[in-house]
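A closer look at the structure
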Amino acid sequence: MTRPIALVLRALGLGDFFTGLPALALLRAALPDHHVVLAAPRIYAPLATLSGSVDEVVAGHELAPLTDAPRHPELAVDLHGNGPASRQLLLDRDPARLVASNWHGVHWRADEHEVTRWCRLVVEGLELPATTRHPSVVGALPVPDGVAVPSGLTLLHVGAKSGARRWPAQRFVEVAIVLRNAGHDVAITAGTDEVALANGIASSADVPVMDGLSLPQLCALIAHARLLVCGDTGVAHVATNYATPSVVLFGPVPPDVWGPPRTSRHQVLWHGTGDGNPHGRQPDPALLKITVSEVLAAIERAEQAASGFQWFRRGNAEEVPQSSAR
């Protein structure tokens, strides 16, 4: 017998992929007999199948037509946006039913955290009990197997999708030098189109660059890292998933919407008002208010917090005080 199809749209970036994983896990738990098809950039296919919540990935990019997606799915779920454009992409596949924000009683809340938003959509859209537990954002994706990467690195991820979220290069250089002199095994990472930026910072700080990584390699590298320092960008959510200590520098976007869980192993620095332009070309004024000394102090706090905990993977991941570990 052919399994009914649930078609899910989330054709966005790395951070969007990770923040959508708890909703996908919730959908899988609610519909165990469905064949779950995710429309997303194909680069995420290995991670999507590794999550255990997705059976198949078809090509999806922003608001491009879903020409490879199956027609007449039993269910379509819009985890992409809150307007008619993304809904229409799914309606064009002629689903028997559609779950989406601002559609049939499911309302969009602008100040809601990204993870909570999509879990709530699945709960309300599928009319699950209001008491349904949301899956944890921590441990939603296992560490990829068979990926050889160094462990214990302190990673400075110096890039971001827009200039508004890129902390000045010279400040990353200063942080890298201090950490290197303090005994950290520092390495620089950045996006595939930010190689020149990464190489310039690495050269000035006399530390290596980790480039040419596949997504499974990047995930494994962060999972086994000592610490991650980055802006408000996708790798911050990878660190959250693996409970890797992190310092995240926010500028135009408030951390209450996109930040990590409120735990001291993840330090958030922000001096904004929430009205900046996340797509601007120049560093946001709030981001520029973050100083090198603030970042170094936050690194110390994150490491102190992490030293008192052990990381366990028992189904749903959790942090357990070291004194309670068995």
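Each remark here, short or long, concerns the structure printed above.
First things first, this report covers the structure right here in the doc. All values reported here derive from a predicted model rather than from experimental measurement.

Parameters at a glance
- Residues numbered from 1 in each chain as written.
- Predicted model: local features only at pLDDT ≥ 70, side-chain atom pairs only at ≥ 80, totals over all residues.
- Heavy atoms only, no water.
- Helix = DSSP H or I, 4+ residues; strand = E, 2+ residues; numbered from the N terminus.
- Buried < 20%, exposed > 50% of the residue type's maximum accessible area, 1.4 Å probe, protein only.
- Contact = heavy atoms within 4.5 Å.
- Core = buried A, V, L, I, M, F, W, Y, C linked by side-chain atoms within 4.5 Å.
- Axes fitted to C-alpha atoms, helices over the stretch in contact; angles between N-to-C directions.
- Parallel < 35°, antiparallel > 145°, perpendicular 65-115°, else oblique.
- Left-handed = near helix turned anticlockwise from the far one by under 90°.
- Nonpolar A, V, L, I, M, F, W, Y, C, P; charged D, E, K, R; others polar.

Some thoughts on the side chain of Thr244
Take Thr244: it is sitting in the loop between helix H8 (234-242) and strand S9 (246-249). Classification of Thr244 by relative accessible area gives buried; the value is 2%. Ignoring anything within four residues of it in the chain, the contact list for Thr244 reads Ile222, Ala223, Ala225, Leu227, Leu228, Ala239 and His266.

Some words on the nonpolar core
With 54 residues, the main nonpolar core has Phe18, Leu27 and Leu38 as its most contacted residues. Among the elements that take part in this core, helix H1 (residues 14-30) stands out by supplying eight residues, more than any other. The residues touching Leu27, leaving out its near neighbours within four places in the chain, are Val8, Val36, Leu75, Val77, Val122 and Leu126. Grouped together as the second largest cluster of nonpolar side chains are 27 residues, Trp167, Phe172, Ala202 and Ile299 included.

A few points about the packing of helix H5 (residues 169-181) against helix H6 (residues 195-205)
Taken N-terminus to C-terminus, the directions of H5 and H6 make an angle of 40°; their axes are 9 Å apart at the nearest point. By the criterion of interaxial angle, the relationship of H5 to H6 is oblique. Considering only the axes of H5 and H6, their crossing is right-handed. Residues Ala169, Phe172, Val173, Ala176, Ile177 and Arg180 of H5 lie in contact with H6, whose contacting residues are Leu197, Ile201, Ser204 and Ala205. Residue composition of the contact of H5 with H6, grouped by class: eight nonpolar, one polar and one charged.

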